[in-house]
Amino acid sequence: MTQTPFDQMSKQYLEEFLAPFGRIERQYEIPGEAKFVDVWFIPNPEAVQNQDLGLLGRMMQRSCLLEPYRNAPSRTEMRVSVMKLIWVQEEERRKAQKQELAEAELPRLWILAATTSNSLLQAANGVIKPDWMPGVYFTADIFKTAIVAIDELPETEETLWLRILGRGATQERAIREVLALSPSHPKRNIALRLLADWKVRIDLGELMDFAAQEELMALSEAFLAWEQETQSQGQIQGQIQGQIQGQIQGQRSLILRQLQRRLGEIPDRAIDRINTFLIDQLESLGEALLDFESIDDLAAWLESHG
């Protein structure tokens, strides 16, 4: 499961932008395996033909997995992501009741890396295809995987909706490009709302060491623009905090379902404790529960995180 608050917000961002064009599932559980895909996207063929998401829209033409990373993914994280892809491909083949799906029908994996490293790209044999722009590195065709190095993408409108997920100066400039869009732009309002959400989370202390001063200034400008174009600051914060609470509750429900599936009935005392957890605690528990074998393991974990 995604471990950083930023990666959690990236999933929210992708869901908001892609929902009009197909079916989105966050934390999609791989059947039969204790593994989750950050974002699983199945396009609506009619909708994706009319999208205006530039490079992001081009990536969404086929069913795909999306794995966002605020920091450069490690080799292990790369391998785990590819392993998830193979499991999902097998599940799609099973549902189709075919021995083999055509290559074009198989889902693709897009690793959205705010930054990456030459050593990782070399280890993955990542190459830029002639018909794709700089910053998009494809591994061997058999793996159906590509790494999007967000900080290497050309700074054009076509890449804007991916560069929002960058970091440092890349993200700052993308935010300012959003602010410069016409108020009538169909995606501007969605982007400002999400950026205002991120700013509120920083102010609430949910995101520590998230952004440099330049990024914070750009996020503050985005928040003010959203405030001016919608409603009062108090109402905005209430709305966003309500959204955050809804996401936390959804995460709690997911964790409890996983625990019940793995351990059986969960004591009321443990449930009450988990119901007080915030996102970072839930993420930690979500990782730890994969190693639990009994209720005693859960009780010990809760005791050690008291």
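Our subject is the structure that appears above.
The structure presented is a predicted model; accordingly, all values stated were derived computationally and were not measured.

Colleague: Give me the overall build of the protein chain: which residues, what numbers.
Modeller: Across its full length, the protein chain holds 13 helices and six strands. Taken across its 306 residues, the protein chain has 50% of its residues classed as buried. For the protein chain, restricting intrachain contacts to residue pairs at least 6 apart in sequence, the fraction spanning at least 24 positions comes to 62%. Accessible surface, the protein chain: about 14500 Å² in total, of which carbon and sulfur atoms supply 48%.

Colleague: Can you break down the pattern of salt bridges residue by residue, with the values?
Modeller: For the structure on display, the rule yields eight salt bridges. Where Arg-173 meets Glu-155, a salt bridge forms, and the shortest distance between an N and an O atom there is 2.8 Å. On the criterion of sequence distance, the pair formed by Arg-173 in helix H7 (residues 168-180) and Glu-155 in the loop between strand E6 (145-149) and helix H6 (160-163) is long-range, its members being 18 residues apart. Its relative accessible area of 38% is what places Arg-173 among the partly exposed residues. The class of Glu-155 is partly exposed, set by a relative accessible area of 39%. For Glu-172, the salt bridge is made with Arg-176, and the minimal N-O distance between the two is 3.3 Å. Of this pair, Glu-172 and Arg-176 both sit in helix H7, separated by four residues, roughly a single helical turn.

Colleague: So what's going on with the environment of His-305? Which residues, and what values?
Modeller: Turning to its location among the elements, His-305 is positioned in the segment after helix H13 (295-304). The exposure class assigned to His-305 is partly exposed, which follows from its relative accessible area of 39%. For the pair formed by His-305 and Leu-285, sequence separation is 20 residues and the distance between their alpha carbons is 9.6 Å.

Colleague: Can you break down the packing of aromatic side chains residue by residue, with the values?
Modeller: Scanning all chains against the criterion turns up six aromatic pairs. When the centroid spacing of 6.0 Å and the interplanar angle of 75 degrees are considered together, the rings of Trp-110 and Phe-138 count as edge-to-face. Residue Trp-110 is located in strand E4 (residues 108-113), and its partner Phe-138 is located in strand E5 (residues 136-138); the two are separated by 28 residues in the primary sequence. In terms of burial, Trp-110 and Phe-138 fall into one category: buried.

Colleague: Which residues make up the pairing of E4, and what values do they have?
Modeller: Where burial is concerned, most of E4 is hidden: six out of the six residues are buried. Residues Arg-108, Trp-110 and Leu-112 point to one face of E4 and Leu-109, Ile-111 and Ala-113 to the other, with burial holding for every one of them. Two elements, strand E3 (residues 64-69) and E4, share six bridges in a ladder whose sense is parallel. Of the residues in E4, the one forming a bridge with Cys-64 is Arg-108. The sheet contact formed by E4 and E6 spans five bridges and is parallel. Residue Ile-111 lies in a different strand from E6, and its bridge partner there is Ile-147.

Colleague: Describe the side chain of His-185, listing the residues and the values that go with them.
Modeller: Position of His-185 relative to the elements: it lies in the loop between H7 and helix H8 (188-203). For His-185, a relative accessible area of 18% corresponds to the buried category. Reaching out from His-185, the side chain makes a polar contact with the backbone nitrogen of Lys-187 at a distance of 3.1 Å.

Colleague: Describe helix H4 (residues 75-96), with residues and values.
Modeller: Helix length check: H4 (22 residues) gives 32 Å between terminal C-alpha atoms against 32 Å at 1.5 Å per residue, within 8%. Burial in H4 covers these residues: Met-78, Ser-81, Val-82, Lys-84, Leu-85, Val-88, Gln-89, Glu-91 and Glu-92. A positive phi of about 55 degrees marks Gln-97, the residue just after H4.

Colleague: How would you summarise the pairing of E3 if you had to cite specific residues and measurements?
Modeller: By the criterion of burial, E3 is predominantly enclosed, with six of the six residues buried. Alignment of strand E2 (residues 36-43) against E3, held across three bridges, turns out to be antiparallel. Bridge pairing links Phe-41 to Cys-64 in E3.

Colleague: A description of unusual backbone geometry should follow, citing residues and the corresponding values.
Modeller: Of note in the backbone geometry, Asn-125 takes a positive phi value of approximately 55 degrees without being a glycine. Inspection of the secondary structure puts Asn-125 in the loop between helix H5 (118-123) and E5. Positive phi is not limited to glycine here, since Lys-144 has a value of about 50 degrees. Checked against the element boundaries, Lys-144 lands in the loop between E5 and E6.

Colleague: So what's going on with the nonpolar core? Residues and values would help.
Modeller: One finds Met-59, Leu-66, Trp-110, Leu-112 and Trp-161 to be the most contacted residues of the largest nonpolar core, which totals 46 residues. Beyond its immediate sequence surroundings of up to four residues, Leu-66 is in contact with Leu-14, Leu-18, Asp-38, Val-39, Met-59, Met-60, Trp-110 and Leu-112. By size, the runner-up hydrophobic cluster in this structure holds 19 residues, among which are Ile-255, Ile-279, Leu-282 and Trp-301.

Rules of the game
Residues numbered from 1 in each chain as written. Predicted model: local features only at pLDDT ≥ 70, side-chain atom pairs only at ≥ 80, totals over all residues. Heavy atoms only, no water. Helix = DSSP H or I, 4+ residues; strand = E, 2+ residues; numbered from the N terminus. Buried < 20%, exposed > 50% of the residue type's maximum accessible area, 1.4 Å probe, protein only. Contact = heavy atoms within 4.5 Å. Areas by Shrake-Rupley, 256 points an atom, 1.4 Å probe, with all protein chains shown as cover. Salt bridge = Lys/Arg side-chain N within 4 Å of Asp/Glu carboxyl O. Phe/Tyr/Trp six-rings, centres within 6.5 Å; stacked < 30°, edge-to-face > 60°. Pairing = 2+ DSSP bridges. Polar contact = N/O pair within 3.5 Å; in protein donor to acceptor, adjacent residues only side chain to side chain. Expected span 1.5 Å × (residues − 1). Core = buried A, V, L, I, M, F, W, Y, C linked by side-chain atoms within 4.5 Å.

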